[in-house]
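Listed below are the residues making up each chain.
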Amino acid sequence: MSPRFRRFLPPVVIGGTFLVLAVSAVVFGIASFRHPVGKPDSPPTPTPFVIWAAVFGLATYKTLTGRLFAGHRWARIDRQLSEAGFRQATEQEVEHTAGIPVLLLSPKVLGMDRGGGLDHVSIRSVGSREVRVFRARVRGAGRWIDVPAVGVRVPAHLAPTIIRPARRGLRPPINMKRVFFELESFNRSVEVRSVDRFFASAFLDPRMIEWLGHHLGRTVIELADRWVIVWSNALLGSPVSPLQLIESLAAFNDHIPRSAPSLFPQRPISTVWIHRRKHAGFSGWLDRLSHMSDLPGDSAVD
């Protein structure tokens, strides 16, 4: 299937579906509209067919146009990223991105074997740092949700840590304990959980705490191994733009303590997520995500 055909397929499906529903509703609706017996002056009552046709039509419209508009939005984002110097990731880089051990990309949350996945992965080197932009499709609020995210590789070992608005977002793993700080207003508005409380206390110095208190907003920041991942926490409503996330990530990076690389030097990568793929024959972009044993070694990704 050519890219041009795939681009025009959703509008054709939407238009064809509504044409069939509209014609059916008119034909059967007009033929089936009846005045109540003995009450010729009463308004006609629509048949169940008309009601179900309207409900099905609305559901079809919301489903197809939602995916269509999301696709067009991300196509525009891809163009903007390309103009800013980003390039599309290779298949190996997509696989490596899916293996970054943060909560957002965990097998349980991403659910590649249930219809979730990762796509629109773009990469750019900024100075000595590698930046990746991607879209994760996760399950939330009873539906699949597209979550934009941005990550940067840092020259330090980061203990798994989540920084998020208090009591919002995905539920952290039980091995992540709540970390409290001296500033009570910060503890009330921002929730910090980590597998290493000493690391979190050292990493979030007063300068970082002040910045987070004013700028975290609707985003979640995850730390793991050598990566900082920032993603939109708007599981209900409009997500934060990836371009805004890049700005937030750059500001967060500027506030990382300069002592972090020496206090927490890099170590060999010990954890990557392994995802089960959906059965062959489903979405093409999902088929690209092969088993993590095919990942390049550390020397290829450092």
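Here the structure is a predicted model, which means the values were calculated and not measured.

Draft legend 1. Quick peek at the overall build of the protein. Across its full length, the protein holds 11 helices and seven strands. For the protein, buried positions account for 43% of its 302 residues. In the protein, the share of contacts with a sequence separation of at least 24, taken over all contacts with a separation of at least 6, comes to 65%. Element-wise, carbon and sulfur atoms account for 59% of the exposed surface of the protein, whose accessible area totals about 16800 Å².

Draft legend 2. Fine view of the environment of D225. Structurally, the position occupied by D225 is in strand β7 (residues 219-232). For D225, a relative accessible area of 9% gives the class buried. Sequence-wise, D225 and Q266 are 41 residues apart; in three dimensions their C-alpha atoms are separated by 8.1 Å.

Draft legend 3. The arrangement of the packing of aromatic side chains in detail. The final tally for this structure, using the stated rule, is six aromatic pairs. When the centroid spacing of 4.9 Å and the interplanar angle of 75° are considered together, the rings of F199 and F264 count as edge-to-face. Remark: F264 occurs in the loop between α9 (260-263) and α10 (284-287) and F199 occurs in helix α6 (residues 197-203); sequence separation between them is 65 residues. Residue classification places F264 among the buried positions, given a relative accessible area of 12%.

Draft legend 4. Layout of helix α7 (residues 206-215). Along α7, the positions that sit buried rather than exposed are M208, I209, W211 and L212. Along the axis of α7, the buried positions cluster into a sector of 165°, meaning they face one direction only. In α7, those exposed residues whose orientation departs by more than 90 degrees from the buried face are P206, E210 and H214. Contacts from the buried residues of α7 go to β4 (143-165), α5 (184-189), β6 (190-194), α6, β7 and α8 (242-254). Once α7 ends, the next one or two residues include G217, with phi positive near 60°.

Draft legend 5. View of the pairing of β7. The buried fraction of β7 amounts to 14 of the 14 residues, a majority that puts the element mostly inside the structure. Bridge analysis of β4 against β7 gives nine bridges, and the strand direction is antiparallel. Paired with I162 across the two strands is E222, which belongs to β7.

Draft legend 6. Highlighting the packing of α7 against α8. Relative to each other, α7 and α8 sit at 160°, their axes nearing to 10 Å. Taken together, the axes of α7 and α8 lie roughly antiparallel to each other. Of the two possible hands of crossing, α7 and α8 adopt the one that is right-handed. Note on element contacts: α8 touches α7 through S248, A251, F252 and D254, opposite R207, M208, W211 and L212.

Draft legend 7. Structural context of the side chain of S122. Inspection of the secondary structure assignment puts S122 in strand β2 (residues 117-126). Every residue in contact with S122, bar those within four places of it in the chain, is listed here: D78, L81, F86, R87, A89, V131, R132 and V133.

Draft legend 8. Molecular detail of helix α3 (residues 91-98). Summarising burial for α3: six of the eight residues are buried, a large majority. Where α3 is concerned, the buried positions are E93, V94, E95, H96, T97 and A98.

Draft legend 9. Just the nonpolar core, in detail. F203, L204, L212, I221 and F252 are the most contacted members of the largest nonpolar core, which totals 38 residues. A total of seven residues in this core trace back to one element, the largest contributor, which is β4. Ignoring anything within four residues of it in the chain, the contact list for F252 reads I163, F203, M208, W211, L212, I221, L223 and V228.

Rules behind the numbers
Residues numbered from 1 in each chain as written. Predicted model: local features only at pLDDT ≥ 70, side-chain atom pairs only at ≥ 80, totals over all residues. Heavy atoms only, no water. Helix = DSSP H or I, 4+ residues; strand = E, 2+ residues; numbered from the N terminus. Buried < 20%, exposed > 50% of the residue type's maximum accessible area, 1.4 Å probe, protein only. Contact = heavy atoms within 4.5 Å. Areas by Shrake-Rupley, 256 points an atom, 1.4 Å probe, with all protein chains shown as cover. Phe/Tyr/Trp six-rings, centres within 6.5 Å; stacked < 30°, edge-to-face > 60°. Arc of directions from axis to C-beta. Pairing = 2+ DSSP bridges. Axes fitted to C-alpha atoms, helices over the stretch in contact; angles between N-to-C directions. Parallel < 35°, antiparallel > 145°, perpendicular 65-115°, else oblique. Left-handed = near helix turned anticlockwise from the far one by under 90°. Core = buried A, V, L, I, M, F, W, Y, C linked by side-chain atoms within 4.5 Å.

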